[in-house]
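Given next are the chains, with one letter for each unit.
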Amino acid sequence: MADVEELEVQEIDLDEEDFSCTVESDDETAAVEQEVDMCGMCDAIIDGQYLTALDNKFHPDCFACVNCKTKIAPGQDFFERIDNPLCVDCHYLLYGYKCKVCNEFIKGQRLCWGDDAFHFQCVKCQGCAKTLCETDDLKVVNKKDFIHVACC
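As the structure is a prediction and not an experimental result, all values here were calculated from the model.

Q: Looking at this structure, I do not really get unusual backbone geometry. What am I missing?
A: Excluding glycine, residues mostly carry a negative phi; peptide bonds, for their part, are mostly trans. Although it is not a glycine, isoleucine 82 sits at a positive phi angle of roughly 50°. You can call isoleucine 82 exposed: its relative accessible area is 76%. One non-glycine residue, alanine 129, lies in the positive phi region at around 70°. With respect to the secondary-structure elements, alanine 129 resides in the loop between β10 (116-118) and β11 (138-141). Alanine 129 gets classed as partly exposed once you look at its relative accessible area, which sits at 49%.

Q: I keep staring at the pattern of salt bridges and nothing clicks. Help me out?
A: Between side chains of opposite charge, pairing is possible as soon as their charged atoms come close. A complete count under the given rule lists 4 salt bridges for this structure. Here aspartate 61 and lysine 71 are joined by a salt bridge, their closest N and O atoms 3.3 Å apart. Highlighted residues: aspartate 61 in the loop between β6 (56-58) and β7 (78-81) and lysine 71 in the loop between β6 and β7, separated in sequence by 10 residues. Residue lysine 71 is classed as partly exposed on the basis of its relative accessible area of 43%. The salt bridge involving lysine 100 is made with aspartate 116; its shortest N-O contact spans 3.2 Å. Of the two residues, lysine 100 sits in the loop between α2 (88-95) and β9 (110-113) while aspartate 116 sits in strand β10, which places them 16 residues apart along the sequence.

Q: Please explain the environment of asparagine 84 as it appears in this structure.
A: The residue asparagine 84 is located in strand β8 (residues 84-87) in this model. On the accessibility criterion, asparagine 84 (30% relative accessible area) is partly exposed. Setting aside residues up to four positions removed in sequence, asparagine 84 forms contacts with Leu54, Val66 and Phe79.

Q: Whenever I open this one, the packing of aromatic side chains confuses me. Can you help?
A: Centre-to-centre distance and the angle between the planes together describe a pair of aromatic rings. In this structure the tally under the stated criterion is 5 aromatic pairs. Ring plane angle 50° and centroid distance 4.8 Å describe the contact between phenylalanine 58 and phenylalanine 63, whose orientation is recorded as tilted. In this structure, phenylalanine 58 and phenylalanine 63 share a single accessibility class: buried. Ring plane angle 45° and centroid distance 6.3 Å describe the contact between tyrosine 92 and phenylalanine 105, whose orientation is recorded as tilted. Taken as a pair, tyrosine 92 in helix α2 and phenylalanine 105 in the loop between α2 and β9 lie far apart in primary sequence, 13 residues in all. Put simply, the rings of Phe58, Phe63 and Phe78 touch in pairs and so form one group of aromatic residues. For the cation-ring pair, lysine 98 lies above phenylalanine 105, with the distance from its terminal atom to the ring centre recorded as 5.1 Å.

Q: I would appreciate a short explanation of the confidence of the model for the chain in the present structure.
A: The predicted coordinates of low-pLDDT regions are not to be read in fine detail. Per-residue confidence for the chain averages 82 on the pLDDT scale, and 78% of its residues sit at or above 70. Here strand β1 (residues 4-6) stands out as the least confident element of the chain, with mean pLDDT 42; β8 is the most confident, with 94. Counting interchain partners and residues more than four positions distant, the pLDDT-below-50 stretch residues 1-12 has 35 contacts.

Calculation criteria
- Residues numbered from 1 in each chain as written.
- Predicted model: local features only at pLDDT ≥ 70, side-chain atom pairs only at ≥ 80, totals over all residues.
- Heavy atoms only, no water.
- Buried < 20%, exposed > 50% of the residue type's maximum accessible area, 1.4 Å probe, protein only.
- Helix = DSSP H or I, 4+ residues; strand = E, 2+ residues; numbered from the N terminus.
- Salt bridge = Lys/Arg side-chain N within 4 Å of Asp/Glu carboxyl O.
- Contact = heavy atoms within 4.5 Å.
- Phe/Tyr/Trp six-rings, centres within 6.5 Å; stacked < 30°, edge-to-face > 60°.
- Lys NZ or Arg CZ within 6 Å of the ring centre and 35° of its normal.
- pLDDT = per-residue confidence, 0-100.

Printed below as a string of structure tokens:
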């Protein structure tokens with residue numbers, strides 16, 4: 001009889017982890033008692049347009065990925081790591097999972113077995129040869145083959 005073991009499905013909820021920023025401008029007609037805005041990256045005074053993100057204000061030219069230093073534009077998605085912006089590419093490079101079959105980064109749900117991760121569409125059931133999907137009941141046979149529970 002073949003070894004049959006349980007699988008673990010993990011999901012990355014991008015909606016909860018990614019952010020976007022907006023452009024705003026200081027109102028020059030504000031009251032005399034004005035609070036001075038400081039850039040969250042360079043700590044210089046902000047005079048004019050600024051970005052609001054991560055509960056802070058930034059010069060538009062200062063708001064950049066802390067890893068690769070690429071500027072993050074208004075409306076562009078990014079991730080937050082330790083209160084700093086991280087561009088999407090660097091996030092996947094540093095923290096992402098690569099599919100063992102196609103070697104591409106997995107964005108969204110992944111199928112995990114041991115230290116390996118897979119896109120569901122990259123793996124087929126060894127019983128019926130159908131592509132797997134997130135809602136399938138799955139097992140692992142012989143410590144390497146995925147199979148639908150119904151095909152066991």
